[in-house]
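Topology and contacts: notes
Single-letter residue listing:
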Amino acid sequence: MPLLYLAAASSPDKDRVTPLRTTPGGAKKGRLSMKIRYHCFKNFAEGYEAVGEREMYKLLQENPELRKDRYEMTSLCRDVVDDTLYFGCTHYAGDFLLALDLKTKKIRSCGYPEIYEENEHKIHRGLWYDGSDRSLVFATSTLSPISKLAYAPGGKFTRYHIDGGELEVLGQNRPGQYAQASVYDAARGLLYFFGYRAQSFGVFDVKERRIVRDIFVDSIPHIAALDDAGRCWSTYEHGHKWCCFDPEKMDYVFYEKAMESAGAAANVMYYGAGPIDSMINGGDGFMYVGTALGELYRLDPETADSEYVGRPTTHNRMPGICLGPDGLIYGAGGDRDVTHMVRYDRKKRSWEFLGHLEAEDGTKCYRPHDLMYHEGSFYLAETDVPNRSGYIWEIIL
């Protein structure tokens, strides 16, 4: 099989690329035999375009009529319940929680506009299933400028009861603060959250309905994950060194260790953000971390040592990684219409390029944001598209 890229130097250079292979017949068109389709809820009016999230925010403020139909898909619930994929999104009128019926392929609202406040704009990353009562647990984030957040009440910690369709507010973030990402430990009833705009690392006790810890760490991941011991991993300070919260000690643990490209991979998404773009528990004792430079690292949670696994393409961003049914790690990355899927074989320590994210009608995925697998299909959330709403993409290999 032909090598698509040559290996670069071993230093943490943002331009280095790992040797990457394609399967036969996949190199010419840049894609393999992937069946790709997308699912749309609502689409805002054509003729409006914006460059970047800030310009889109300004456009929607100046054109209120666009807000109700502008959806950007941001966070997938990895547990499919009753053939329904629940997902979070950005929506300027509070419709953050949606559901895709995988049989009919129809999308419906779960009714969050009934309880939202004007500074809540999204479930950015983190939508979690609690099987003990068939509910979803999540926190909300904002896009409001600091001038508006000075008197804002703060984001909500919320439970959505699937069977009855009720939304239950469990608690409130600190005044003016919202949660850009969350990780849920259902067994302990702890919802870890990463504050925005203050870049904090907090713990919300769902059972006691209160914040039990919340500290400023001056770094924020796109999403985090739990290791086998239930520790939630993230980064701190501008060096973006490793830290975690240990639920047995109910305290933070800080390390003087970081990924070798931590500095270069930070501030790519926005100031202070990264280097973590995605993170999963690999089920083999290690954590796997996608960076904003499109790299993959392996983190040993017992030592906080991180090993560079590779950078499979020349493009930045790897916002979505997940385990496939074959035990391989699948990644969705790239940016601004040049997006792709790859996979990594941990046993062979090799990468494979699966193809560009483009549907049969020529529509391209603009910016992947989350990735999960369910019964033969990969589902991908798409966000920040400048001339339409985001879609839920479905990829069958």
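Keep in mind that this is a model prediction, so the values were computed, not measured.

**Description of the nonpolar core**
Formed by 21 residues in total, the largest nonpolar core has its most connected members in V183, Y192, F194, F201, V203, C232 and F245. Those elements that place two or more of their residues in this core are β11 (178–185), β12 (190–196), β13 (200–205), β16 (232–236) and β17 (241–246). In terms of residues, this core owes the most to one element, β12, which gives three residues. Ignoring any residue separated from it by four or fewer positions in sequence, one finds F194 in contact with Y178, A179, Q180, A181, V183, S200, F201, I220, P221, A224, C232 and S234. Of all hydrophobic cores here, the second largest spans 17 residues; its members include L328, Y330, A359 and Y391.

**Some details on the environment of H39**
One can find H39 in strand β2 (residues 35–39). It is 8.1 Å that separates the C-alpha atoms of H39 and I107, two residues lying 68 residues apart in sequence. If we ignore the near neighbours within four places in the chain, the residues touching H39 are L100, K105, I107, Y391, I392 and E394. A distance of 2.9 Å separates the side chain of H39 from the side chain of E394, its partner in a polar contact.

**Here's the deal with the pairing of strand β23 (residues 320–323)**
Examined bridge by bridge, β23 and strand β24 (residues 329–335) share four bridges and lie antiparallel to one another. Its bridge partner lying in β24, I321 is registered against G331. From the end of β23 to the start of β24, which pair antiparallel, there are five residues, and G327 there has a positive phi angle of about 80°.

**Details of the side chain of S219**
Looking at the secondary structure, you find S219 in the loop between β14 (210–216) and β15 (225–226). A distance of 2.7 Å separates a polar atom in the side chain of S219 from a polar atom in the side chain of T235. If near-sequence neighbours (up to four positions away) are discounted, S219 is found in contact with Q199, T235, Y236, E237, H240, G272 and G274.

**Topic: the sheet that holds strand β21 (residues 296–300)**
Spatially, the four strands line up as an open sheet ordered β19-β20-β21-β22, and their pairing is antiparallel. Single-partner strands in this sheet number two, and they are β19 (276–281) and β22 (305–310). Strand-to-strand twist of the sheet, defined as the mean angle between neighbouring strand axes without regard to direction, takes the value 25°. Pairing analysis gives five bridges linking β19 to strand β20 (residues 287–291), with the strands arranged antiparallel.

**Focus: the side chain of E382**
Its place among the elements puts E382 in strand β28 (residues 377–382). E382 gets classed as buried once you look at its relative accessible area, which sits at 0%. A distance of 2.9 Å separates a polar side-chain atom of E382 from the backbone nitrogen of Y391. Among the polar contacts listed, one links the side chain of E382 to the side chain of W393, at a separation of 2.9 Å. Apart from residues lying up to four places away in sequence, E382 is in contact with E72, M73, K364, C365, Y366, R367, R388, G390, Y391 and W393.

**Examining the pattern of salt bridges**
Inspection of the entire model under this criterion finds 31 salt bridges. With its nearest N and O atoms 3.3 Å apart, the salt bridge here joins K105 to E394. Here K105 is found in the loop between β5 (97–101) and β6 (107–109), whereas its partner E394 is found in strand β29 (residues 392–396), with 289 residues between them in sequence. Looking at E394, the relative accessible area reads 2%, which means it is buried. The structure contains a network of salt bridges with shared partners spanning R37, K105 and E394.

**What about helix α1 (residues 53–62)?**
Of all the residues in α1, the buried ones are M56, Y57, L59 and L60. Projected down its long axis, α1 shows its buried positions confined to an angular sector of 160°, all on one face. Away from its buried face by more than 90 degrees, α1 exposes R54, K58 and E62. Taken together, the buried residues of α1 touch α2 (146–149).

**Regarding the packing of aromatic side chains**
A ring pair, where both rings are aromatic, is described by two values, the distance of the centres and the angle of the planes. One pass over the full model with this rule turns up 23 aromatic pairs. For the pair F157 and F193, a centre-to-centre distance of 5.1 Å together with 55° between the ring planes defines the contact as tilted. Here the residue F157 occupies a position in strand β9 (residues 156–161), and F193 occupies one in strand β12, the gap between them amounting to 36 residues. Since its relative accessible area comes to 1%, F157 is described here as buried. Residue classification places F193 among the buried positions, given a relative accessible area of 0%. Aromatic side chains Y252 and F254 sit 6.1 Å apart centroid to centroid with 25° between the ring planes, which places their arrangement in the stacked category. A relative accessible area of 41% places F254 in the partly exposed class.

Reading the values: rules and limits
- Residues numbered from 1 in each chain as written.
- Predicted model: local features only at pLDDT ≥ 70, side-chain atom pairs only at ≥ 80, totals over all residues.
- Heavy atoms only, no water.
- Core = buried A, V, L, I, M, F, W, Y, C linked by side-chain atoms within 4.5 Å.
- Buried < 20%, exposed > 50% of the residue type's maximum accessible area, 1.4 Å probe, protein only.
- Helix = DSSP H or I, 4+ residues; strand = E, 2+ residues; numbered from the N terminus.
- Contact = heavy atoms within 4.5 Å.
- Polar contact = N/O pair within 3.5 Å; in protein donor to acceptor, adjacent residues only side chain to side chain.
- Pairing = 2+ DSSP bridges.
- Axes fitted to C-alpha atoms, helices over the stretch in contact; angles between N-to-C directions.
- Salt bridge = Lys/Arg side-chain N within 4 Å of Asp/Glu carboxyl O.
- Arc of directions from axis to C-beta.
- Phe/Tyr/Trp six-rings, centres within 6.5 Å; stacked < 30°, edge-to-face > 60°.

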